[in-house]
Amino acid sequence: MAGRAVLLIPHRSDAADEGALPGDYRKILAIVREADGPVQVRAVGERLGLNASVRGKLEPLRAKMTKLADRDWLHKRPDGKFTARS
């Protein structure tokens, strides 16, 4: 779009529903929502089938989860764990 920036991950308030998110972000959101409480990036990575023992494999996932938190889809706690927004 000429002259306009388009966000791949829209702010929650700007999107009608999570269907506006790319598929991998919807999967992350679903995993966090299914959890009994706050989740670590490692736990989400394991559910996604990533090799969680290699830190470098988790950093892109951490960036995606942080982006979801920045856009108000998730909440990032001070301890680094994530929870779903209600």
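Refer to the structure printed above.
Residues numbered from 1 in each chain as written. Predicted model: local features only at pLDDT ≥ 70, side-chain atom pairs only at ≥ 80, totals over all residues. Heavy atoms only, no water.

### Brief notes about the overall build of the protein chain
Alright, step 1. A tally of helices and strands in the protein chain yields three helices and two strands.
Alright, step 2. When the helices and strands of the protein chain are read in sequence order from the N terminus, they spell out α-α-α-β-β.
Alright, step 3. Compactness check: the protein chain gives a C-alpha radius of gyration of 13 Å against a globular reference of 12 Å for 86 residues, within 12% of the reference.
Alright, step 4. On the principal axes, the C-alpha backbone points of the protein chain span a range of 45 × 30 × 25 Å.
Alright, step 5. Expressed as a percentage of its 86 residues, the buried residues of the protein chain come to 28%.
Alright, step 6. A fraction of 44% describes how many contacts in the protein chain between residues 6 or more apart in sequence connect residues 24 or more apart.
Alright, step 7. The centroid of the 17 positive side-chain charges in the protein chain is displaced by 4 Å from the centroid of its 11 negative side-chain charges. (Helix = DSSP H or I, 4+ residues; strand = E, 2+ residues; numbered from the N terminus. Rg over C-alpha atoms; globule rule 2.2 N^0.38 Å. Buried < 20%, exposed > 50% of the residue type's maximum accessible area, 1.4 Å probe, protein only. Contact = heavy atoms within 4.5 Å. Lys, Arg positive; Asp, Glu negative; His and termini not counted. Charge placed at Lys NZ, Arg CZ, Asp CG, Glu CD.)

### Considering the nonpolar core
Alright, step 1. One finds Val44, Met65, Leu68 and Leu74 to be the most contacted residues of the largest nonpolar core, which totals 20 residues.
Alright, step 2. Listed by contribution, the elements that provide at least two residues to this core are helix H1 (23-34), helix H2 (41-47) and helix H3 (55-70). (Core = buried A, V, L, I, M, F, W, Y, C linked by side-chain atoms within 4.5 Å.)

### Things to note about H3
Alright, step 1. Relative to the 22 Å expected for 16 residues at 1.5 Å per residue, H3 spans 22 Å between its end C-alpha atoms, a close match to the ideal helical length.
Alright, step 2. Among the residues of H3, Leu58, Leu61, Met65, Leu68 and Ala69 are the ones counted as buried.
Alright, step 3. Tucked inside the fold, the buried residues of H3 contact H1, H2, strand E1 (74-76) and strand E2 (82-84).
Alright, step 4. Where H3 ends, the next residue or the one after it, Asp72, has phi of about 75°, a positive value. (Expected span 1.5 Å × (residues − 1).)

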